[in-house]
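Commentary on secondary and tertiary structure
The primary structure of each chain is shown beneath.
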Amino acid sequence: MLWTVAGAGTLGFLVALECAARHYGFRGPLTNQSRELIFAPRSGPLLYAGLALTMVVLTWRQRLIAVSCAVGIDVVFFLVRLMTGGDLQFGNGALWVMLGCAAVGLVRRTGRERALLLKGTGLGLLLVNGHLTGDTWLLITSKTRPTVLDPYVATADHALGNPSWVVGRVVDASGPVGELLLHLVYGQLPLAAALMALYQLRNVAVERRFPRHHLVPTFLVIGLLGPAVYMLFPVVGPVFAYGTDGGAWATAHLWPHTAPPLGTPHPIPFDGITPRNCMPSLHTAWATTLFVHTREGSRLMRSVGAFWLVATLTATLGFGYHYGADLVAGVVFALTIEAGMRALGRGWDRSATLLVTHGAVVFAALLTAYRYLPTQLAGHPWLGGPLLLLAMASVVHHYVRTAKGWKATPPTARTRIAAREAPGDAEPRLPGPRSGEPQTEPA
């Protein structure tokens, strides 16, 4: 039932977003996804990552067939585009195979097997559509928010020591090698998340059930809810508002060498192209979620998760994409959503309610302080900066303490009962005795 409601809600949201995109004169996520069945896709690796998520429910023989079909279809599309002079992209085959798996689940499977196959296909398609949904959200923010609030965040950032300007100068000094490494880490965050998800879901085909919680749902919810905050708090980032990338719309070309002077902040107009995608930093939120999930893996995995988090934070600041205040909000945003998604998997209780409420209140307080108290924060940096960091640290501490308690206690009875009744989700029930067999209890 939960997955049915979630699927219906997601479809309704995508339809609404499609209508909004059409209103502003461009294609929405559903149209773009449909076009990728025939036309050159925008991201072939992402489509194959979605196929990989779908294949976690398949046997090794079925996986070999699925990959062979996807590659074969892509070869045909590639040859046709080569002969007609089209874009030599790939990924159509992966999308066709994912839709084929959904069709097989609806037509050829029943019961638990149908639910399992449809859930795997849904995860793969949601990963792909989440990327397209994010692109549509960004276009909508640029069209509907003619002014941005960068001066407010830049002023509040004085309380944190203007970290974007500091790290920006460090990245400049690192030379092309350091910049290339950070660009790779920043751009390949979805790939790292997909690999982590595949590791978490590696036993699905054998156990015939999904784990109660894994990385993908949190990633998707962050991507769906984050842009809604962009609409409330539109910010373009220091490299645009105070750097050369902003062109004539920049208030001054100060980043990263000169911090903006203190003054009375006010909204500033900006172009209708640049996305207002800074508050909160979703790259920080995703990297934080990846870090949290790698804590349950091997030492190597924990090290990779820590490296990816540090490198992502460095890149977001060092390339001028975000202010320090964005990162503080991003961490709180990520842990609040992660707590909610974990609670859905194990069952809501008092500890989950308190944690999610705590995170939501702190997140709202941060946005309120950035908007209405930036001059006070900047005027008293030795008080304002530590207060912002302590607010974030309080959520981190609460999450760590609650997560440890969850590990020490089993899921609630309601969750266990729902798990036994939900097809494809839960621990399989033992088969009943056949007719004529004695109904003995196990020793």
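As the structure is a prediction and not an experimental result, all values here were calculated from the model.

Structurally, Thr54 can be placed in helix α3 (residues 44-54). Among the residues examined, Thr54 registers a relative accessible area of 0% and is labelled buried. Polar side-chain contacts of Thr54 include one of 3.3 Å to the backbone oxygen of Gly120. In contact with Thr54, other than residues within four places in its own chain, are Met98, Cys101, Gly120, Thr121 and Gly124.

What follows concerns the pattern of salt bridges. Two side chains of opposite charge can pair, provided their charged atoms sit close to one another. Inspection of the entire model under this criterion finds 7 salt bridges. Arg342 serves as the salt-bridge partner of Glu296, at 3.2 Å between the closest nitrogen and oxygen. Separated by 46 residues along the polypeptide, Glu296 in the loop between α13 (282-294) and α14 (299-318) and Arg342 in helix α15 (residues 324-346) bring together distant segments of the chain. Notably, a salt bridge pairs Asp349 with Arg346, separated by 3.4 Å at the nearest N-O pair.

Take the nonpolar core next. In this structure, Ile222, Phe233, Val235, Met279, Tyr323, Phe333 and Tyr370 are the most contacted members of the largest nonpolar core, which totals 74 residues. In terms of residues, this core owes the most to one element, α15, which gives 13 residues. If we skip the residues at most four places from it in the chain, Phe233 touches Leu149, Val153, Met279, Leu367, Tyr370 and Arg371. Leu37, Leu51, Met55 and Val128 belong to the second-largest nonpolar core, a separate cluster that totals 25 residues.

With that out of the way, let us pick up unusual backbone geometry. The step from Trp255 to Pro256 runs through a cis peptide bond, and the omega angle for that step is 0°. On the secondary structure map, Pro256 appears in the loop between α12 (238-241) and β2 (268-269). Here the amide bond leading from Met279 into Pro280 is cis, since omega sits at 0°, within 30 degrees of zero. Among the structural elements, Pro280 can be located in the loop between β2 and α13. Its identity as a non-glycine residue notwithstanding, Asn162 has a phi of 50°, on the positive side. Note that Asn162 resides in the loop between α7 (150-156) and α8 (163-187). Taking the relative accessible area as the measure of exposure, Asn162 reaches 11% and is therefore buried. A positive phi angle is found at Arg208, which is not glycine, with a value near 60°.

Calculation rules
Residues numbered from 1 in each chain as written. Predicted model: local features only at pLDDT ≥ 70, side-chain atom pairs only at ≥ 80, totals over all residues. Heavy atoms only, no water. Helix = DSSP H or I, 4+ residues; strand = E, 2+ residues; numbered from the N terminus. Buried < 20%, exposed > 50% of the residue type's maximum accessible area, 1.4 Å probe, protein only. Polar contact = N/O pair within 3.5 Å; in protein donor to acceptor, adjacent residues only side chain to side chain. Contact = heavy atoms within 4.5 Å. Salt bridge = Lys/Arg side-chain N within 4 Å of Asp/Glu carboxyl O. Core = buried A, V, L, I, M, F, W, Y, C linked by side-chain atoms within 4.5 Å.

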